[in-house]
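Listed below, chain by chain, are the residues.
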Amino acid sequence: MSNIVAIVGRPNVGKSTFFNRLVQKRQAIVDNVSGVTRDRHYGKSDWNGNEFTIIDTGGYIIGSEDAFEVEIRKQVELAIEESNVILFMVDNQVGLTDMDKEVAQLLRKSKKPVLLVVNKVDSNKNIDDTYEFYNLGFEQFFTVSSQSGSGTGELLDEVVTHFDQGDHKDPFEGLPRVAIVGRPNAGKSTLTNALLDEERNIVTDIAGTTRDSIETLYNKFGHEFVLIDTAGMRKKGKVSEDLEFYSVMRAVRAVEECDVCVLMIDATRGIEAQDLNILFLAERNRKGLVILVNKWDLIEKETNTMKAYEAEIRNKIAPFNDVPILFVSALTKQRVHKTVEIIMEVNENRNRRIKTSRLNELLLPIMEITPPPAIKGKYIKIKYVTQLPTRTPQFAFFANLPQYVKEPYKRFIENQLRKHFNFTGVPIEVYFRQK
């Protein structure tokens, strides 16, 4: 099961700074002006081998002049509803406020694990100022500094104790999970119905008809997997109603929990920024990927050829463009059953294991002929390569000076792996380590 952690609190308590620290990049905008974060930001983090999604929410506030106040509150409430653990952040420098008490009241109703986090405790001299936060009614709190990172380890040690440790029973355990993702009205539910030969999901021309992620067992023609039809993902700025907020959360969770993502693109609209966001989300989560260009029957073939259309898609999704692209019509079932074969092939590629002897036999001569560029007169020699025992394809290259190997050479190595072994549709991780 995926684990989701939401950071909530009133504006300007340091939620985005803490979010950036956990995801180890400046993904959320940080400013001293309150209300900068208006949308939810999603990021991946891990602690002691426990991976989780972290959500940075907008500041919860009531009675302000901000026109976005109501929408921000809706997003905060829905993030609370979908999360496994809630980090309730307050500001030690400002002290306890009435708005903190309002947020605490909201969180008590959620019945989710809530950890009170007192931020901006930069030294032990500030500890005495934190005791007033006991008035919020929580048994304990954690003191941290989002800027320096102090106290983060103790907090995350507690966070992971509340994660689902896999005690639940999955009725589809052991089967590949395939999530059909994409923007609203791209034809995801129509594809599901076409594959199953039944009207399993409601289909209309209205974007957003599918609200939840629906799981169905597919067992035909010698193939068996779990099919997940997700709600459409839109840019957050265009998400305006409560149920659609909820749908986006469910779709994100479906991407995390699946093995293969089928990204559906509306051929009449082409690949757009939100399609790329979905693709990159799947890539960051190391999922297998298949791109379906749907509604191909509506395209004028004289002005648009498959070859040109495919070239445009590959150009936009670079550098990860070793992805199968299939042109289909879910309505007429054109090439729909070919989709199943491609999905199963990508799932097989994701689970592919290459013998260490075979890797070294093929790659060491190539790296000897084309070694990494020398830096400051130091020559890098790669002695050994092996595939790591991970669920997705990850490779370790042992060298004398791994710290000098740059990204362009890593991409060269990845291309060589793809050239000699079939990893189509699967992200590859390449690591260089000290021999």
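Residues numbered from 1 in each chain as written. Predicted model: local features only at pLDDT ≥ 70, side-chain atom pairs only at ≥ 80, totals over all residues. Heavy atoms only, no water.

An unreviewed UniProt entry lists the chain under the name GTPase Der, with Moheibacter sediminis as the source organism. The UniProt entry for the chain carries the following comment under Subunit (unreviewed entry): "Associates with the 50S ribosomal subunit." UniProt's Sequence similarities (unreviewed entry) comment on the chain is quoted here verbatim: "Belongs to the TRAFAC class TrmE-Era-EngA-EngB-Septin-like GTPase superfamily. EngA (Der) GTPase family." (UniProt positions renumbered as here; feature names shortened; annotations may be inferred.)

Enquirer: Before we go on, may I ask you to explain the packing of helix α10 (residues 356–369) against helix α11 (residues 407–420) in this structure?
Expert: Axes are the key here: two packed helices are described by the angle between their axes and the distance separating the axes. Across the interface, α10 lies against α11 with an axial gap of 11 Å and an inter-helix angle of 135°. One way to sum up the angle between α10 and α11 is to call them oblique. Once α10 is placed against α11, the crossing between them reads as right-handed. In contact with L359, L362, L363, I366 and M367 of α10, α11 contributes Y409, F412, I413, Q416, L417 and H420. Class assignment of the residues belonging to the contact of α10 with α11 gives a composition of 9 nonpolar, 2 polar and no charged. (Axes fitted to C-alpha atoms, helices over the stretch in contact; angles between N-to-C directions. Helix = DSSP H or I, 4+ residues; strand = E, 2+ residues; numbered from the N terminus. Parallel < 35°, antiparallel > 145°, perpendicular 65-115°, else oblique. Left-handed = near helix turned anticlockwise from the far one by under 90°. Contact = heavy atoms within 4.5 Å. Nonpolar A, V, L, I, M, F, W, Y, C, P; charged D, E, K, R; others polar.)

Enquirer: For this particular structure, what's the right way to read helix α1 (residues 15–23)?
Expert: Structurally, the α-helix is built with 3.6 residues per turn, so residues lying three or four positions apart point the same way. The element α1 is extensively covered by neighbouring structure, given that 8 of its 9 residues are classed as buried. By the burial criterion, the buried members of α1 are K15, S16, T17, F18, F19, N20, L22 and V23. Q24, located one to two residues past α1, shows a positive phi value of around 60°. (Buried < 20%, exposed > 50% of the residue type's maximum accessible area, 1.4 Å probe, protein only.)

Enquirer: Looking at this structure, I do not really get the pattern of salt bridges. What am I missing?
Expert: Side chains that differ in charge, positive against negative, can pair when their charged atoms come close. The full count for this structure, using the stated rule, is 15 salt bridges. The salt bridge partner of E429 is R286, with a shortest N-O separation of 3.3 Å. Of this pair, E429 sits in strand β15 (residues 429–434) while R286 sits in the loop between α7 (273–284) and β11 (288–294), and the two are 143 residues apart along the sequence. By relative accessible area, E429 is classed as partly exposed at 26%. Between E312 and K316 there is a salt bridge, with the nearest N and O atoms lying 3.4 Å from each other. Of the two residues, E312 and K316 both sit in helix α8 (residues 306–317), 4 residues apart, roughly one turn of that helix. A residue is classified by how much of its surface remains accessible, and K316, at 36% relative accessible area, is partly exposed. Here the salt bridges do not stand alone but share partners, grouping E51, R286 and E429 into one network. (Salt bridge = Lys/Arg side-chain N within 4 Å of Asp/Glu carboxyl O.)

Enquirer: Just checking my understanding: could you explain the side chain of R350 for this structure?
Expert: With respect to the helices and strands, R350 occurs in helix α9 (residues 336–350). When residues no more than four places from it in sequence are discounted, the contact partners of R350 are D259, R286, K287, G288, R391, T392, P393 and V426.

Enquirer: How do you make sense of the packing of α1 against helix α4 (residues 152–160) when you look at a structure like this?
Expert: The contact between α1 and α4 brings their axes to 13 Å, and the two run at 80°. One way to sum up the angle between α1 and α4 is to call them roughly perpendicular. Residues F18, R21 and L22 of α1 touch α4, and the partners they reach there are T152, L155 and L156. Grouping the constituent residues of the contact of α1 with α4 by class yields 4 nonpolar, 1 polar and 1 charged.

Enquirer: What should I look at first to understand the packing of aromatic side chains in this one?
Expert: Aromatic ring pairs are reported here in terms of the distance separating the ring centres and the angle at which the planes meet. Scanning the entire structure with this criterion turns up 12 aromatic pairs. Ring geometry for Y134 against F141: centres 4.9 Å apart, planes inclined by 55°, an arrangement best described as tilted. Taking relative accessible area as the criterion, Y134 reaches 43% and is therefore assigned partly exposed. With a relative accessible area of 15%, F141 lands in the buried category. Taken together, a centroid distance of 5.9 Å and an interplanar angle of 85° make the contact between Y309 and F327 edge-to-face. With Y309 in helix α8 and F327 in strand β12 (residues 325–327), this pair connects stretches of sequence that are 18 residues apart. With respect to class, Y309 is no different from F327; both count as buried. Ring-pair connections join several aromatic residues into one group, and the members of that group are F397, Y409, F412 and F432. (Phe/Tyr/Trp six-rings, centres within 6.5 Å; stacked < 30°, edge-to-face > 60°.)

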